[in-house]
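Residues per chain are reported as follows:
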Amino acid sequence: MNRIFNRYYFAGVGSGCLLSILLVMGAGAASYYFAQSMMDEKSGGSGGGPLALRAPDFPSSDQALAAEGEADWDWELATLEGESVTLGEFQGQIVFLNLWATWCGPCKRELPNVQRLYNTMKDKGVVFLIVSKEDPGTVQGWLADQEYDMPFYIRTGSAPADLSSRAIPATFIIDHEGTVVFKETGSRAWDDESTVDFLDRLLADAGEYSEGGAAL
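The paragraphs below set out a description of the structure included in this document. (Residues numbered from 1 in each chain as written. Predicted model: local features only at pLDDT ≥ 70, side-chain atom pairs only at ≥ 80, totals over all residues. Heavy atoms only, no water.)

**Points about helix H3 (residues 136–143)**
One full turn of an α-helix is made of 3.6 residues, so residues set three or four places apart face in the same direction. Among all positions in H3, only Val 139, Trp 142 and Leu 143 are buried. Projection of H3 onto a plane perpendicular to its axis shows the buried side chains occupying an angular sector of 100°, all on one side. Looking at the packing, one finds that the buried side of H3 touches helix H2 (105–121), strand S4 (126–132) and strand S5 (152–155). Between a side-chain oxygen at the N-terminus of H3 and the backbone nitrogen of Gly 137 the separation is 2.8 Å; the capping residue is Asp 135. (Buried < 20%, exposed > 50% of the residue type's maximum accessible area, 1.4 Å probe, protein only. Helix = DSSP H or I, 4+ residues; strand = E, 2+ residues; numbered from the N terminus. Arc of directions from axis to C-beta. Contact = heavy atoms within 4.5 Å. Polar contact = N/O pair within 3.5 Å; in protein donor to acceptor, adjacent residues only side chain to side chain.)

Now the structure itself:
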């Protein structure tokens, strides 16, 4: 009798242990899936998978633009060839500023979208600044295998508070008066028609400002 009891006892204990292990493994897998989903949502995609990037959420044309900060015209950047450039050289123009890095998956995932936006807007007068704080050689080495012809720059010092971000990619759009009128963190479909409409709106505002008698 004791022998039968012990057999069922240990069988029950073993089954309980196995069930506990399976539950722990299942909980761990669920936690990983949830965390990965959250990261994908924040980056606007699935970490390089086929899921389409989300379009930026711009204010509608009947909404007033909110000030998200001010440009620091003294902020100094450098071209990949080492030539010094200040943000002030683009004062009076519409600026599309994108912070990225070669090691950042979401950054690289949205760059083709930025390139297509650049192709559409470059001849309309929008300035594009694609900025990394990495070594110029690192950026040049990565770009050597790519087909981008956008203006890439290197951050040589700390970014101004209104043009900095704890996470990348981060994008800032600056109007002709130097006001940051839009900012977004995470990879987005910047070639979406809504971006073109928003930039055209800023260009129209800048044109009206100029025609009003003030020089750009």
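Structure's up, so let's keep going.
**Focus: the side chain of Glu 110**
Tracing the chain through its elements places Glu 110 in helix H2. Arg 188 provides the closest opposite charge to the buried, salt-bridge-free Glu 110, at an N-O distance of 6.7 Å. Not counting chain neighbours up to four residues away, the residues in contact with Glu 110 comprise Leu 53, Asn 98, Pro 169, Thr 171, Gly 186, Ser 187, Arg 188 and Trp 190. (Lys, Arg positive; Asp, Glu negative; His and termini not counted. Salt bridge = Lys/Arg side-chain N within 4 Å of Asp/Glu carboxyl O.)

**Some points on the packing of aromatic side chains**
The description of an aromatic ring pair uses the distance of the two centres, along with the angle that the planes make with each other. Throughout the structure, instances matching the rule amount to twelve aromatic pairs. Taken together, a centroid distance of 5.5 Å and an interplanar angle of 65° make the contact between Trp 100 and Phe 152 edge-to-face. On the criterion of sequence distance, the pair formed by Trp 100 in the loop between strand S3 (94–99) and H2 and Phe 152 in strand S5 is long-range, its members being 52 residues apart. Judged by its relative accessible area of 3%, Trp 100 is buried. An aromatic cluster is present here, built from Phe 58, Phe 96, Tyr 118, Phe 128, Phe 182, Trp 190 and Phe 198 joined pairwise through their rings. (Phe/Tyr/Trp six-rings, centres within 6.5 Å; stacked < 30°, edge-to-face > 60°.)

**Details of the sheet that holds S5**
Taken together, the seven strands give an open sheet; going across it, the order is S2-S1-S5-S4-S3-S6-S7, and neighbouring strands pair in mixed fashion. In this open sheet, the two strands that pair with only one neighbour each are strand S2 (84–86) and strand S7 (180–185). Shown here is a sheet whose adjacent strand axes are inclined to one another by a mean of 30°, direction ignored. The sheet contact formed by strand S6 (residues 170–174) and S7 spans five bridges and is antiparallel. Each residue of the ladder has a partner; that of Ile 173, found in S7, is Phe 182. Strands in contact with H2 are S3, S4 and S6; relative to S4, the strand with the most contacts, it is inclined by about 160°. (Pairing = 2+ DSSP bridges. Axes fitted to C-alpha atoms, helices over the stretch in contact; angles between N-to-C directions.)

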